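# Structure assessment
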Amino acid sequence: MTNGSDEGVQQANNTDRPKTNSPARHLESSSSQGNRSSDSEQTSRKTSGVLSFFRGSGGKSPDLSIQRKETLRGADSAYYQVSQSGKEGAENQAAESQDDGDGDKQKKQLGNPHVELQFSDANAKFYCRIYYAEEFHKMREVILASNEDDFIRSLSHCLPWQARGGKSGAAFYATEDDRFILKQMPRLEVQSFLDFAPHYFNYITTAVQQKRPTALAKILGVYRIGYKNSQNNTEKKLDLLVMENLFYGRKMAQVFDLKGSLRNRNVKTETGKETCDVVLLDENLLKMIRDNPLYIRSHCKAVLRASIHSDAYFLSSHLIIDYSLLVGRDDITNELVVGIIDYIRTFTWDKKLEMVVKSTGILGGQGKMPTVVSPELYRTRFCEAMDKYFLKVPEHWTGLGVSC
């Protein structure tokens, strides 16, 4: 790989992208004339529930008499189910049964940032939960150059995608237009993200508004989707994370996944055949830069370093580990495209146990720092390694005063 002084670094942040003008859509509900006054008072509160769309023969909707419902204007077959199911619904119903003297505190407890959609046909029922629907919508308005309709249109056509170099075994999908990547999330990661999400929204939004560099690859939505087929009794649920495709519209010559660790961070390849079809790791990069260093200009180095240090500090402050820097070299422009990915997993008890086992050398690898370390140690190791991987282009000021 040849990298000259004209090479640049493009980060994952898109602070210069125009904001979309797509307005948020609001659904207004109206109560029937036969409702009791007590029901009207309860439904007038700001509560979250399930927005269900039912498709059936003859335009008839399934019986929802068990749950309180409100017909939406302009949609005879759509119902907003105020009551909730599961743990969240039980908690909210318990809160409603308390004395109204709790005031504003009780109203805040009833708030739910997630939206649930249900619809069905003659054969199956479908389900979708949109986590932090409003927050993600606002963030997409700030980040994406296109409007919300384009985002929905992209997600409506997805194909299975073979992620190269991944060890998690999670399923991946890509939108047909190649703009977004969808990754399956295990339940533990979903819970970690739900706790982390408010901080993430604030960090990204503030960085974009203040034009502060960030290398975090943007997460643009998290969903739980599922279906149940009444004909063959098959059902499935899937938690999906939608993120930007860092390499959208580019032709990558080489791709690296870098963590700053040297334990099991090598991919065996045939000499001269390190193409983008194989995601290379830290040890592969170190072997390559012996003869072909990754030179970047001084201002690019400063921005990249500031981004990585700021992002890593933010992630470690919320006990996030296992993130890595995805690096791709554009074969046409000779630019380096970088972004921090996989920043969901927190330092849980199983990770602590893994760190202890690997650090003792029971499983081998003595003399090397374990892959799993505490968030602070992970941040330090990550930042120091990324600083060494990317070198500044030498200039006439380089080395001045060293011999003094």
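Presented here is an overview of the structure given in this document.

With that settled, the discussion passes to the overall build of the protein chain. Along the protein chain, the regular secondary structure elements total ten helices and 17 strands. A buried classification covers 43% of the 404 residues belonging to the protein chain. Counting only contacts in the protein chain whose residues sit at least 6 apart along the sequence, the fraction spanning at least 24 positions is 68%. By element, 51% of the accessible surface of the protein chain is carried by carbon and sulfur atoms, the whole surface being about 22700 Å².

On to the pattern of salt bridges. For the structure on display, the rule yields 14 salt bridges. In this structure, Arg153 and Asp150 form a salt bridge, with 2.7 Å as the shortest nitrogen-oxygen distance. Taken together, the positions of Arg153 and Asp150, both in helix H5 (residues 148-155) and three residues apart, correspond to about one turn of that helix. With a shortest N-O distance of 3.2 Å, Lys301 and Asp387 are connected by a salt bridge. Taken as a pair, Lys301 in helix H8 (residues 298-317) and Asp387 in helix H10 (residues 375-389) lie far apart in primary sequence, 86 residues in all. Connected via shared salt-bridge partners are Arg187, Arg224 and Asp239.

This paragraph deals with the packing of aromatic side chains. The full count for this structure, using the stated rule, is 14 aromatic pairs. Here the aromatic rings of Phe119 and Phe126 are separated by 5.2 Å at their centres, their planes lie at 20°, and the arrangement is stacked. Take Phe119: its relative accessible area is 31%, and that puts it in the partly exposed class. Exposure remark for Phe126: the relative accessible area of 27% places this residue in the partly exposed category. Through a chain of ring-to-ring contacts, three or more aromatic side chains come together here, namely Tyr132, Phe136, Phe193, Phe196, Tyr200, Phe201, Tyr203, Phe314 and Tyr343. Sitting over the ring of Tyr127, Lys237 keeps its end group 5.7 Å from the ring centre.

Attention now goes to helix H4 (residues 133-143). Taking burial as the measure, the eleven residues of H4 include eight buried ones, the bulk of the element. Along H4, the residues classified as buried are Ala133, Phe136, His137, Met139, Arg140, Glu141, Val142 and Ile143.

Below, the discussion takes up the environment of Phe256. Relative to the helices and strands, Phe256 resides in strand S12 (residues 252-258). The exposure class of Phe256 is buried, given its relative accessible area of 3%. Between the C-alpha atoms of Phe256 and Asp282, which are 26 residues apart in sequence, the distance is 7.5 Å. Those residues in contact with Phe256, other than ones at most four positions away along the chain, are Val279, Leu280, Leu281, Asn284, Leu285, Met288, Leu325, Leu326 and Val327.

Next up on the list: the pairing of strand S9 (residues 180-184). Among the five residues of S9, four are classified as buried, and the element is accordingly described as predominantly covered. Pairing of strand S8 (residues 172-175) with S9 involves three bridges; the strand directions are antiparallel. When the sheet's bridge partners are listed, Tyr173 is paired in S9 with Leu182. When S9 meets strand S11 (residues 234-244), the two strands line up antiparallel, connected through five bridges. When the bridges of S11 are listed, Leu182 appears paired with Val242.

Moving on: the nonpolar core. Side chains that are nonpolar tend, in soluble globular proteins, to be buried together. One finds Tyr343 and Phe390 to be the most contacted residues of the largest nonpolar core, which totals 69 residues. Per-element tally for this core: the top contributor is helix H6 (residues 187-209), with ten residues. Apart from the residues lying within four places of it in its own chain, the contact partners of Phe390 are Leu258, Leu294, Ile296, Lys301, Leu304, Leu325, Val327 and Leu336.

Where H6 contacts H8, the axes come no closer than 11 Å and their chain directions differ by 155°. The orientation of H6 relative to H8 falls into the category roughly antiparallel. Here the hand of the crossing between H6 and H8 comes out right-handed. Here Phe196, His199, Tyr200 and Tyr203 of H6 lie close against H8, whose contacting residues are Ser310, Asp311, Phe314 and Leu315. For the contact of H6 with H8, the residue count by class is five nonpolar, two polar and one charged.

Rules used in this analysis
- Residues numbered from 1 in each chain as written.
- Predicted model: local features only at pLDDT ≥ 70, side-chain atom pairs only at ≥ 80, totals over all residues.
- Heavy atoms only, no water.
- Helix = DSSP H or I, 4+ residues; strand = E, 2+ residues; numbered from the N terminus.
- Buried < 20%, exposed > 50% of the residue type's maximum accessible area, 1.4 Å probe, protein only.
- Contact = heavy atoms within 4.5 Å.
- Areas by Shrake-Rupley, 256 points an atom, 1.4 Å probe, with all protein chains shown as cover.
- Salt bridge = Lys/Arg side-chain N within 4 Å of Asp/Glu carboxyl O.
- Phe/Tyr/Trp six-rings, centres within 6.5 Å; stacked < 30°, edge-to-face > 60°.
- Lys NZ or Arg CZ within 6 Å of the ring centre and 35° of its normal.
- Pairing = 2+ DSSP bridges.
- Core = buried A, V, L, I, M, F, W, Y, C linked by side-chain atoms within 4.5 Å.
- Axes fitted to C-alpha atoms, helices over the stretch in contact; angles between N-to-C directions.
- Parallel < 35°, antiparallel > 145°, perpendicular 65-115°, else oblique.
- Left-handed = near helix turned anticlockwise from the far one by under 90°.
- Nonpolar A, V, L, I, M, F, W, Y, C, P; charged D, E, K, R; others polar.

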